[in-house]
Amino acid sequence: MSNSERIEKAYEAARQRYAELGVDSDKAMGRLAKIAISLHCWQGDDVGGFETSEGLTGGGIMATGAYPGKARTADELRADVDKVMSLLPGRHRLNLHASYAQTKGKVERDELEPEHFSAWIDWAKAAGIGMDFNGTFFSHPKAESGFTLASANEDIRKFWVDHGMVCRKIGAAMGKELGTPCVTNLWIADGYKDIPADRKGPRERLKKSLDEIFAQSMDRAHVLDAVEAKLFGIGSESYVVGSHEFYLGYAIENKTLLCLDTGHFHPTEVVSDKISSVLTFLDEILLHVSRGVRWDSDHVVILSDELRAIAQEIVRGDYLDRVRIGLDFFDASINRIAAWTIGTRCMIKALLIALLEPVDKLQQMEAEGDLTSRLAMLEELKTLPFGAVWDYYCLKSDVPVAESWLDDVWAYEKDVLSKRR
Ligand code: RNT
Ligand code: ZN
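Residues numbered from 1 in each chain as written. Chains lettered and ligands numbered in written order. Predicted model: local features only at pLDDT ≥ 70, side-chain atom pairs only at ≥ 80, totals over all residues. Heavy atoms only, no water.

Caption draft 1: Local environment of the overall build of the protein. Looking only at helices and strands, the protein has 14 helices and 12 strands in total. In terms of overall size, the protein behaves like a compact globule, its C-alpha atoms giving a radius of gyration of 22 Å where 421 residues would be expected to give roughly 22 Å. Overall, the C-alpha framework of the protein stretches about 65 × 55 × 40 Å when taken along its three principal axes. Looking at the 421 residues of the protein, the share that counts as buried comes to 54%. In the protein, once contacts between residues fewer than 6 apart in sequence are set aside, the share between residues at least 24 apart is 81%. Taking the average location of the 51 positive side-chain charges in the protein and that of its 66 negative ones, the two points are 1 Å from each other. (Helix = DSSP H or I, 4+ residues; strand = E, 2+ residues; numbered from the N terminus. Rg over C-alpha atoms; globule rule 2.2 N^0.38 Å. Buried < 20%, exposed > 50% of the residue type's maximum accessible area, 1.4 Å probe, protein only. Contact = heavy atoms within 4.5 Å. Lys, Arg positive; Asp, Glu negative; His and termini not counted. Charge placed at Lys NZ, Arg CZ, Asp CG, Glu CD.)

Caption draft 2: Local environment of the coordination of the zinc ion (ligand 2). Within the protein, the atoms that donate to the zinc ion (ligand 2) are Glu228 (OE), Asp261 (OD), His288 (ND1) and Asp328 (OD), at distances of 2.1 to 2.2 Å. Here the zinc ion (ligand 2) is ringed by 6 donor atoms whose angles at the metal span 72 to 168°, and the overall shape comes out octahedral. Mapping the donors of the zinc ion (ligand 2) onto the primary sequence gives the spacing E-x32-D-x26-H-x39-D. Placement of the pair is Glu228 in strand S6 (residues 223-228) and Asp261 in strand S8 (residues 257-261), with a sequence separation of 33 residues. (Donors = N, O, S within 2.8 Å, 3.2 Å for Na, K, Ca; no water. Tetrahedral: all angles 85-135°; square planar, octahedral: opposite > 155°, others 65-115°.)

Caption draft 3: Structural detail: the pattern of salt bridges. Under the counting rule described, the total for this entry stands at 23 salt bridges. Notably, a salt bridge pairs Glu20 with Arg17, separated by 3.1 Å at the nearest N-O pair. Here Glu20 pairs with Arg17, and both are found in helix H1 (residues 3-20), just 3 residues apart, close to one helical turn. Relative accessible area serves as the criterion here: at 59%, Glu20 is assigned to the exposed category. You can call Arg17 partly exposed: its relative accessible area is 32%. Across the pair Glu379 and Lys382 runs a salt bridge, and its minimum N-O distance is 3.0 Å. The exposure class assigned to Glu379 is partly exposed, which follows from its relative accessible area of 40%. A residue is classified by how much of its surface remains accessible, and Lys382, at 44% relative accessible area, is partly exposed. Three or more residues joined by partner-sharing salt bridges are found here, namely Arg72, Glu76, Asp80 and Arg420. (Salt bridge = Lys/Arg side-chain N within 4 Å of Asp/Glu carboxyl O.)

Note that all results are geometric; they support no functional claim without further evidence.
Next comes the structure, spelled out in C-alpha cells:
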C-alpha cells in the first residue's frame, strides 16, 4: 500500500468514527482551511529587525540561544517565511514589526512610511497573503530609560506617539493594498524593576499618548488597532504600566482590539478562560499564542492542554470571526524554521481537534444537567483519531505529512541556512 493510500484508508475509518458522533470531518477540514494564522516575522531573526546590527535590546523580552543560520536581511527572512509556509496546510498571514522596515539609509521610527515596507507588501501580494503590523517601541536609544509612551519626558513621549501614528498609517496602507484589514498591534515595555512610588502618573500619560495615537479615525476595512497588555517583563518585574486591567478598560472604551498574549499573565492563569469574558464586551480580540515556561519565556508553542483549550473556546463560542490568531514565540536554540513550523502546525492541529468536537452534544448534556456524561465524553474525545484527519488534511493540502516536513527543513539548512556566516 502506498503512503497516500494508507493515509486515505485511515481517514475513511476516522471519518466514520466521527460521523457516529454526529461530526462531519470533511466539513471540519473545510472550516479549518478558512482560518489564517498570523505568523510572527520575529521567530526568524530573534526579534532583531534590520535597523542596526545590535538586534534586540531592552524592552523586557529576551531571545536566548545561538543556533546558526538566522536571517540577516529582509530577503533572507522572506525566503525563510516562504519555506515555513510551504510546510503548513492552509493560507496564512505574516505579522511584521516596524523594525523590519527596508530603508535606504537611516529613517527614524517616527518618520517611517508605507513605502519602507513596499517590498514586504509586494511579496505578500504575490503570495496572496494578508499582513499584520506592530509598532516597535523597544531596541532603540529613546527606549533606554525604560519608558516610551508613558515617559514623563515630553520629547521622548512625543517621539513614540509619532511612531504609533505612523504605524497605523503603514498598517492602513498594508490593509488597503492587500485587501484584508491589517491588525496593527501596540505593545510597550514601560515599567519599573522595583516598587514604584507613583503607579498613577505613568498610566495617565499612557492613556494620553494612546488617545493621541488613536485620535485620527481610520477605515476598519484597512486597519484594526490592537493593544497588548502584560503582567511583568525582565526589568519591569514590579510594575508594568500597560497592565491587563489598563488595556481592557482602554479597549472597551475606545473600541480597539485587545491583544491577549498567553505568556503575559500569572503562570496559573489561563487565556482560554478569558476569551468568552472579554468577548462579552469587545467585538474582536487578537491572540498572541506563546508558551511561557515559568515566566514569559516565549517557548515554541506545543500541543498542550491549554492550546487545545484555547482552540476549543474559539470554536465552542463560535468566535472564529472575532478572534485573530497570531503567534508570538522566538527560540534561538533550535533551527528557527523548525521552531516556526512546529508552533504553527500545533496551532492548526489544535483548531482541527476543536472543530472535530461534537459541541452540540456536549452542550446538550450540560444543559440537561448530565454532568457525568459530559465528563465521560470529554475524556473519550481525547483518544479519537484526529491524527488520521490531520494527516489527510496535510496530504490534500499538498504539504508534508507527519514528521516528513523535517526532511525539508534539514535540506534547507544544508542548502541555505548553513551558508549564512
Ligand atoms: C512582549 C510582547 C510582544 C513581543 C513582540 C515582539 O512581551 O509579547 O508582543 O513579543 O512584539
Ligand atoms: Zn506578544
